[in-house]
Each structure stands twice: as structure tokens, then as C-alpha cells.
Amino acid sequence: MSSTAKAPTLRLERTFTASGHRILAGCDEVGRGALAGPVSVGLVAVDLASARSLKGVRDSKLLSVADRNALVPQIKKWALAWGVGHATAAEIDLHGLTAALRLAGTRAWDQVCLTVCPDVVLLDGNYNWLSPERQGSLFDDFEEPAGGPAAAAGEGCTAPVHTRIKADMQCLSVAAASVLAKVERDAMMVEFAASNPHYSWEINKGYATGSHRAAIDVHGPTPLHRMSWRLGSKPRPGEPVLEPGDDLSTVGG
């Protein structure tokens, strides 16, 4: 962890009380840029009237594995409610990345709402992929839900969503959500690595390292790889070229 990183606080979260909000959920995703495994979304709800600071929490990328693992039980005890949802590589291929994020977020939302339904969400980034899309049409009765698979499965996030760039660095609820999502997804990738030893997922967690791409060149992709993405070191004939980090507002939504 960087010794100069400023600890996130609840300062921004508490500004939402002026609009009458009390139960806020911080939200963050992990795994967006990976070649294999799920995209995962963490959601941590706090009561703005009573929540206190939580020592040691940072954006998950700034913490060691040991520190992240140690924080998980503390975050779960500290939060009013929490959830982590996943969308598989097959769901990313089928629905696109944006809709898969919404699907994973809806699964996390549903977990939180078993305890309490937040009345506002603070989402890391500058694009709201969490809210179900609502598009009016003369043919509404005959069309699939505009929100994609998340809307088809349920209503999804019903609270207003506010985006904030670098919220995972500044906002305690969002940083806590990132830690829960990161730890849970990493554990899944370590488990997947046991039956897929060629790709070093226990080390790279499915991300696009040179050695991961080289292993795909030699051994080919697995069902846990995102087949709609460029996986190996070179595009294969007829393979769609979709790179990690493409703009979420234009990919698969």
C-alpha cells in the first residue's frame, strides 16, 4: 500500500443527508479488464446517521492480499448490509460488458436488499452502468426489458445512482465495496486455477498479462475465458477484437 495515499472518509457520503438520504450504498466493480473469469460488483450500505470511520480501508488496489483479507470481516461487521454479485464470462459474451456489470450489480443489490434497501447509491467512475435502462416505446408490451438480463430477472437498483471519479480512493463506502469484491473474485480465480493450471490465474487473477496471453496461444481458451475478446497475443481469423478497457458506454450496453 502506498504510504502517501490519503485514507478515504465518509465526508462525501454525508453530503447526501442534505437531500434527505439516510441509507447510502457505495458500489465498485472489479474484473472489468480481465480476459478470464467474472466481472464482480461490491455494494456496501451504511447508515449516514450512525456510520463511523473504519481504519485501514483503502481502494483494494492499494492494499496487500493479507490486508484485504483481514479487512473483510471488519467491513462486514461495520456495514449495515453488503453484497457481492458476479456475472460470468459467458454472460459477458452473451450480453456485453455493460449489461454484465448491471447483472452483477443487480445480484449484489438483491443481496443488500434482503437486509435494507438503500435510498441512494454512490458509484465509482463516470458512467452509470448500475441502473436498469428505461426506454419508452409504442411496442413496450412486446419488447424485452430495456435493462437487459438484469431487468428481465428483477427490477434491479431502484435508488438514484450518483457517479464519482476515483470514489474508490476518496469514499469509505466505495473503498469497502471494492475490497469485498476484490477478495471474493480473487478467491474464485484461485479456485478456478486448480483445474486450469496453464494460465497462472492464482497469480494474474485472469488479467491480460503477457504470460497469460502466451498460455492462451499455446493451450487455447477455456470456457472461463471471455470468447468475444482478443485473448491470445494475436487476433485469430474471424475473431472480434474487443480490448479490455473499451469505453463502457459503447461496449455491449
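Below or above, wherever it landed, is the structure these notes cover. Keep in mind the model is a prediction, meaning the values are calculated, not measured. (Residues numbered from 1 in each chain as written. Predicted model: local features only at pLDDT ≥ 70, side-chain atom pairs only at ≥ 80, totals over all residues. Heavy atoms only, no water.)

Attention now goes to the side chain of Asp 186. Structurally, Asp 186 is set in helix H7 (residues 172–195). With sequence-adjacent residues up to four places away left out, Asp 186 is seen in contact with Arg 68 and Lys 205. (Helix = DSSP H or I, 4+ residues; strand = E, 2+ residues; numbered from the N terminus. Contact = heavy atoms within 4.5 Å.)

Turning next to the state of the cysteines. Applying the stated criterion across every chain, the model contains 0 disulfides. The thiol of Cys 27 is not disulfide-bonded; the next cysteine sulfur, from Cys 157, is found 8.0 Å away. (Disulfide = S-S within 2.5 Å.)

Under the 1.5 Å per step criterion, the end-to-end length of helix H2 (residues 65–78) is 20 Å for 14 residues, consistent within 8% with the ideal 20 Å. Of all the bends in H2, the largest measures some 30° and sits at Val 72, one to four residues before the proline Pro 73. Buried within H2 we find Arg 68, Leu 71, Val 72, Ile 75 and Trp 78. In this structure, the buried residues of H2 make contact with strand S2 (39–47) and H7. (Expected span 1.5 Å × (residues − 1). Bend = angle between axes of the 7 residues up to and from the residue. Buried < 20%, exposed > 50% of the residue type's maximum accessible area, 1.4 Å probe, protein only.)

Okay, the environment of Glu 13 next. Within the fold, Glu 13 resides in helix H1 (residues 11–14). Glu 13 sits 109 residues away from Leu 122 along the chain, and the two C-alpha atoms are 7.7 Å apart. When sequence neighbours within four positions are dropped, the list of residues in contact with Glu 13 reads Leu 24, Leu 48, Leu 122, Cys 171, Leu 172, Ser 173 and Val 174.

A few words now on the packing of aromatic side chains. By the definition in use, this model includes 1 aromatic pair. A ring pair is formed by Tyr 199 and Trp 201, whose centres lie 5.4 Å apart and whose planes are at 20°; its orientation type is stacked. Like Tyr 199, the residue Trp 201 is buried in the burial classification. Directly above the aromatic system of Trp 229 lies the positively charged group of Arg 226, at a separation of 5.1 Å from the ring centroid. (Phe/Tyr/Trp six-rings, centres within 6.5 Å; stacked < 30°, edge-to-face > 60°. Lys NZ or Arg CZ within 6 Å of the ring centre and 35° of its normal.)

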